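Each chain is listed here by its residues.
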Amino acid sequence: RPSADAAAAFLGRQRSMWQRCRSLAGIDCWRTLRTRYHARSALHRGCLAAALPQTDGLGQRPHLHVARRGFAMHLPARNYYREAPEGLTPIPIAIIGRSNVGKSTLFNRLQSGTRKKKGPISRNAIVSDRAGTTRDRKDAVAVFGGLLLRVIDTGGLESEAAIRQSTLLSSMREQVWRAIAEAEAVLFVFDAREGVTPLDLQIAEMLQKDMQEASFYRQRLALGNERESVPVILVANKAEGTFIGPYLNDCYDLGFGDPVVISARMNEGMEDLYDRLCMEVGHLQKEDEDEDEAATGSDGEYAEGEEEEEEEGDEEEEVEDEADAPKPTLRWMPPTPLTETQKAALRWYAQHPGDPLGQLDMGLKASVLHREGDNNVRRYWLNAPQRALPDKETRDYVLNFRRLQQMEHPMRLSVVGLPSAGKSSIINALLQEERCIVDEQDGTTMDAIVSEWNFKGQPVKLIDTCGVTKGWNYPGTYSDFLEPGMGTRKAIRKSHVVILCIDAQRYRKMTYYSCPSLFEIKLGSFVVDEGKALVIAINKWDLINEDEQAKVREGILKRITDLLPDVKGVPVVFMSAKYNLNLSMLMLRSFSLFKRWSARIPTMKLNGWLQAWMIRWPPPWRNGQKCNVKYMTQTRARPPTFIVWTNTTSEDMPRNYIRQIQNAMRDEFRIGGVPIKFVLRSTLMPKPSKKLSKKDVLRWKRVGPRQAEAVKNLNSKKQLRRKGEHKETVATRQTE
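Residues numbered from 1 in each chain as written. Predicted model: local features only at pLDDT ≥ 70, side-chain atom pairs only at ≥ 80, totals over all residues. Heavy atoms only, no water.

1. Concerning empty space enclosed by the protein
Part 1 of the argument: Within this structure, the stated rule accounts for five cavities of 30 Å³ or more.
Part 2 of the argument: Estimated volume of the largest cavity: approximately 70 Å³.
Part 3 of the argument: Every residue along the wall of the largest cavity is listed here: Ala125, Ile126, Thr133, Thr134, Arg135, Asp136, Lys138, Asp153, Met446, Asp447 and Ile449.
Part 4 of the argument: Here the residues of the lining of the largest cavity sort into four nonpolar, two polar and five charged.
Part 5 of the argument: Here the second largest cavity defines a volume of roughly 40 Å³. (1 Å grid on protein atoms, 1.4 Å probe; cavity = no way out; pocket = protein on both sides within 12 Å on 5 of 7 lines; lining within 4 Å. Points joined across faces, edges and corners; volume = space filled by probe spheres on them. Nonpolar A, V, L, I, M, F, W, Y, C, P; charged D, E, K, R; others polar.)

Have a look at this one:
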């Protein structure tokens, strides 16, 4: 092992990763890269040495570069995850057992190695020490080793006597049977610390004798032919570092063979579970053959015209424009293009999971990976940030591609509201099945349940949330159950359209009829502040008498208009989930609002309308100055966001005039009911001859980026620098 002085000397001579990439791109030093590669391999064995050549290709003695083991082994955590492969059908696996045995923990562990895509809501289940946390079945696609699984988490089963006395437990049992009917294998989980209990024996007997219920649900859901048996894998959970030898004898009384001893919380024994799953359901992992059958005819030959299209495509690929080749955008790069030797030296860094070249410069990475004859140059920029795009043509192509890709994604629609407002009933009515548990008891839904659905050919992701009360607390529970309220917030932030479900007859018996309530109005304001499209659904409309419906409807609409002024034209649908009243109207309003929420307005059309509108409604005066709006442009959609340049600061601009402009835009461009965000920018600049104090500097920094850049470097008199003054000062210092 090297001494402390030798280690300190090596640490003092190390360079950063960016300097290494810079030296590799600037000169021909591929030997240095090769030597570093062997040095990194030596460091894996704990060695501290790397023999570099005496001279490099330019005849100069190179510096000694030694890569640390941290650089060689460090990878971002996201690179250990695996994406769900395309073309494979996931194998459904159901997790069942009694309450509080670790089913949700195992559910989260199985999908912990799957790479999550940006945007969709998290499918992790809520984990708590209190029994009965999970009630609805929750499913997620997980990559577990070499298997692609659709894991289904279920609620805890109880005894027959308890199920007869509670409708909630009966509904939970039906959800368990539905999960078993969909599954190709069942993971029967029990607690290894407590051993086999009498309730575990009852569940095992139920699985062995009452499989006709699963067959009934299988026929009802049209899941295929009836199966004789489903493999049941016995899983002994919560076995972290404990000796469970005395309990193994009791496991065989369940009648499912040898148990798999794991600890889902500590990630122990998952290899044994993977081997067991491969033995039971590994043969069911098949690729989708629909695309191959569609591409070929009945006799195995391609359809007519395929060969001609391929020949035309080959001719187009031969045409290549050398001007479209990607180039590095770094200033210190030499003007000459990289040679093949330099590209080969940098290709290892370009393909490294840590993406060092991509973080340094996307143009350098694209030029390294570019090969002759490759005309799809723009594909390198599809995942690059917008600021890294080199020119306008590439930026327009990438942004247009991203917009089209966004429209192909399913619309995420979440239903929020107070407890017992009928949120789960709306989800069940749309799906035409008992997907979510519905009960008279408040707080039936505990977690966000995601369901995939199609409405007239349009993909939709329905998100059922738990009911929240004032303070975002879950009603009737302790402080450790604040997570359901947080789950509702997460669902709102991940959704595109939010349906605020309101009970029409909740406040009928009160002296002052207030529907919606103040908390429901605040809940709608929170949705608007998050920039999401809001649809208000007045549920249980069938309970209102026909003679009073007109009066009640008028009062509800007036209260929404008065208490929710931030968004003008919010759609309100009076419906009944029990009798499927106005369900299609609810979805049509949601899709219409979603398209308006994704709209973009051309800048020329927007400013032409703005100038004409300001002639009809001139801007007000404030502090002896006319508050003019000079220019406006849309920078993003979802929600529509506009940058507005004015001749005053954002503090002096009247808020009522800004709201008047927003409401006029909703009427003119037909984007009513959509939240609009304005980012105010000022054209004011500090006077060059005025001395600025620290307070003035902070105030100008808050005005905008141009003003912040102007007051960044003041002269010795605390005034703005004239043009060229900074360069003259630097030249004088260099001369001295």
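Next comes the rest of the write-up.
2. Digging into the sheet that holds strand S3 (residues 147-153)
Pairing between the strands of a sheet comes from backbone hydrogen bonds, and it takes one of two forms, parallel or antiparallel.
Part 1 of the argument: The strand order S2-S3-S1-S4-S5-S6 describes an open sheet built from six strands, whose pairing is mixed. Both edges of this open sheet fall to strand S2 (138-144) and strand S6 (260-261), since each of them pairs with a single strand only.
Part 2 of the argument: Where strand S5 (residues 232-237) lies against S6, two bridges are found, and the strand directions are parallel. The residue bridging Val235 from the neighbouring strand is Val260, located in S6.
Part 3 of the argument: Across the sheet, helix H8 (residues 198-209) lies against strand S1 (91-97), strand S4 (185-191) and S5, angled at about 170° from S4, the strand it touches most. (Pairing = 2+ DSSP bridges. Helix = DSSP H or I, 4+ residues; strand = E, 2+ residues; numbered from the N terminus. Contact = heavy atoms within 4.5 Å. Axes fitted to C-alpha atoms, helices over the stretch in contact; angles between N-to-C directions.)

3. Observations regarding the layout of surface pockets
Over the atoms a probe the size of a water molecule is rolled, and this reveals where empty space is left.
Part 1 of the argument: By volume, the second largest pocket amounts to about 700 Å³.
Part 2 of the argument: Taken together, 31 residues line the second largest pocket, and the ones lying closest to its centre are Gly422, Ser425, Val438, Asp439 and Lys540.
Part 3 of the argument: With five residues, helix H18 (residues 423-431) is the largest single contributor of residues to the lining of the second largest pocket.
Part 4 of the argument: Residues belonging to the lining of the second largest pocket are distributed by class as follows: eight nonpolar, 15 polar and eight charged.

4. So, the sheet that holds strand S12 (residues 572-574)
Part 1 of the argument: Sheet architecture is open: six strands sit in the order S8-S9-S7-S10-S11-S12, paired in mixed fashion. The sheet terminates laterally at strand S8 (449-455) and S12, the two strands that pair on one side only. Averaged over all pairs of adjacent strands, the angle between strand axes in this sheet comes to 25°, irrespective of strand direction.
Part 2 of the argument: Pairing geometry for S8 and strand S9 (residues 458-464), over seven bridges, is antiparallel. When the bridges of S9 are listed, Ser451 appears paired with Leu462.
Part 3 of the argument: Lying over the sheet, H18 contacts strand S7 (411-417), S8, S9, strand S10 (497-503) and strand S11 (533-539), oriented at roughly 155° with respect to S9.
Part 4 of the argument: Where helix H22 (residues 583-597) meets the sheet, it contacts S7, S8, S9, S10, S11 and S12, and its direction lies at approximately 165° from that of S11.

5. Thoughts on the pairing of S7
Part 1 of the argument: Summarising burial for S7: seven of the seven residues are buried, a large majority.
Part 2 of the argument: Side chains of S7 alternate between two faces, with Met411, Leu413, Val415 and Gly417 and Arg412, Ser414 and Val416 buried alike.
Part 3 of the argument: Sheet analysis places S7 next to S9, joined by five bridges and oriented parallel. The partner of Val415 across the bridge, within S9, is Asp464.
Part 4 of the argument: In terms of strand pairing, S7 meets S10 through five bridges, oriented parallel. By the bridge assignment, Ser414 is partnered in S10 with Val498. (Buried < 20%, exposed > 50% of the residue type's maximum accessible area, 1.4 Å probe, protein only.)

6. Observations concerning the packing of aromatic side chains
Part 1 of the argument: Evaluated as defined, the whole model comprises 12 aromatic pairs.
Part 2 of the argument: Note on Phe594 and Trp597: the rings are 6.3 Å apart at their centroids and 40° apart in plane angle, and the pair reads as tilted. In this pair, Phe594 and Trp597 both sit in helix H22, three residues apart, roughly one turn of the helix.
Part 3 of the argument: Owing to a relative accessible area of 6%, Phe594 belongs among the buried residues under this scheme.
Part 4 of the argument: Look at Trp613 and Tyr657: their rings are 5.7 Å apart centre to centre, the planes differ by 45°, and that puts the pair in the tilted class. Taken as a pair, Trp613 in helix H23 (residues 603-616) and Tyr657 in helix H24 (residues 655-669) lie far apart in primary sequence, 44 residues in all. Here the two residues Trp613 and Tyr657 agree in accessibility, since each one is buried.
Part 5 of the argument: Taken together, Trp609, Trp613, Trp617, Tyr657 and Phe669 form an aromatic cluster joined through their ring pairs.
Part 6 of the argument: The ring of Trp617 carries the charged tip of Arg616 above its face, separated from the ring centre by 4.6 Å. (Phe/Tyr/Trp six-rings, centres within 6.5 Å; stacked < 30°, edge-to-face > 60°. Lys NZ or Arg CZ within 6 Å of the ring centre and 35° of its normal.)

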